[in-house]
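# A look at the structure
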Amino acid sequence: MMNPMSLRTLAFCVGALFLAGCDKPSGQGVGSGAGGPQMPPPEVSVVTAHPQSTPIMRELVGRLAATRTAQVRARVAGIVLKRVYTEGTDVKSGQVLFQIDPAHLKAKLNAEEAALAKAEADAVNAALTAKRYAELRQKKTISQQDLDTAHANERTTAAAVKEARANVESAQLDLSYATVRAPIAGRAGRALVTEGALVGQNEATLLTTVEQIDPIYVNFSQSGAELQELRHLAAKTQNAKHPATEDAGQVELLLNGKDPYPATGSVDFSDLAVDPGTGAVSLRAVVPNPDRRLLPGMFVTLRLTAGQLDNAFTLPQPVLARDSEGAYVMVVGAEGKVEQRRVETHGMTRTDWILTGDLAEGDRVIVTGLQKVKPGAVAKVAEPRDQIPPTEGQSPSADETKG
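Residues numbered from 1 in each chain as written. Predicted model: local features only at pLDDT ≥ 70, side-chain atom pairs only at ≥ 80, totals over all residues. Heavy atoms only, no water.

The name given to the protein chain in an unreviewed UniProt entry is RND family efflux transporter, MFP subunit, with Thiorhodovibrio frisius as the source organism. Turning to the protein chain, the UniProt record has this under Sequence similarities (unreviewed entry): "Belongs to the membrane fusion protein (MFP) (TC 8.A.1) family." Listed in UniProt under the heading Subcellular location (unreviewed entry), the comment for the protein chain reads: "Cell inner membrane". (UniProt positions renumbered as here; feature names shortened; annotations may be inferred.)

Further remarks concern the overall build of the protein chain. Helix and strand counts for the protein chain stand at five helices and 20 strands. Taken across its 403 residues, the protein chain has 34% of its residues classed as buried. Looking at the protein chain alone, contacts between residues at least 24 apart form 75% of all its contacts between residues at least 6 apart. Total accessible area on the protein chain is roughly 24100 Å²; 53% of this is exposed by carbon and sulfur atoms. (Helix = DSSP H or I, 4+ residues; strand = E, 2+ residues; numbered from the N terminus. Buried < 20%, exposed > 50% of the residue type's maximum accessible area, 1.4 Å probe, protein only. Contact = heavy atoms within 4.5 Å. Areas by Shrake-Rupley, 256 points an atom, 1.4 Å probe, with all protein chains shown as cover.)

Here we take up the sheet that holds strand β8 (residues 198-199). For sheets, the rule is that strands pair by backbone hydrogen bonds, running either parallel or antiparallel. Read from one edge to the other, the open sheet built from four strands follows the order β6-β5-β3-β8, with strand pairing classed as antiparallel. Every other strand in the sheet has two partners, leaving β6 (179-181) and β8 as the edge strands with one partner each. As paired strands, strand β5 (residues 96-100) and β6 are joined by three bridges and run antiparallel to one another. The residue bridging Gln99 from the neighbouring strand is Thr179, located in β6. (Pairing = 2+ DSSP bridges.)

Structure representation (structure tokens):
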């Protein structure tokens, strides 16, 4: 059993240790209290916004087609004597392509011309007879019935002459069809018949086709909703000659999806209805093709420009975020506080969003670090840039992230 002196000594030691613990600074314990050091503000990368006039552009896929296609057919029956043109070359309108044996057609023409000569002779004889009968009738030497018969015969032979002349013209036309000519100027395709083939027997045999490919058509389609948006935006374009129509649309072609074609075209046709199966509208553009580089059937990437949007901002893809109310971006204010700005999207360029809305010249829009900030919080700008997105696959260097 401890004596009273020992108990007092033990109590004094415990009290001294307790007081020493109370005097220890609060920041040195486990965890930090309210008065401890604050977390540093998150670092973000920004891009400086500049308003500009931006083309209203969409990138689509189209297929090329000839502007005019003519099927060259045999319009008379006969044997093909020769092919005159060179396959795959350009031909002029009216140029001879094939020659069909004209012998039987010439014989038919000769027969019709002989029939015409006979009809003309009969008509002259009938006219003279009618004139003579008229003189005799005045002398009362023939009856009125004889005179009427003579006049009827005159009219009949005159009609026979007209019929014979029509038969001659028809025979001449058939003879001209023996020389098969190009109905339009363009590029003649492969010959579908050879010398010695019987053509035009009970049907108009297809001999070849001629396609006009300068200029050339680009057929493509666009969703009805996007087409309406383009028309709406084009109506606001100051330079649009025909607002709210697709006629002012400019088309640029990319061959193989990347190589720009030097000539630009324009939209010249839009279908009157939306395809119920796809919800798209068929459109067509016409593009110059003087060197025949573009061929019917090719698929191409096309950029459709329907005007320009004034006071728009082109910003990198990562700046845009969405919530239940729509699209927005985050902006770092003058004092480093983060602000939420509502925007509207108007499609994209190849790399950037086209935006309008609550943005102004010089706004610092957050590109990276959006997940670290919220409106009203303070952020630290780590890498100020001027609308130059980072190269894909690269990360900022250590020197660029300082400060």
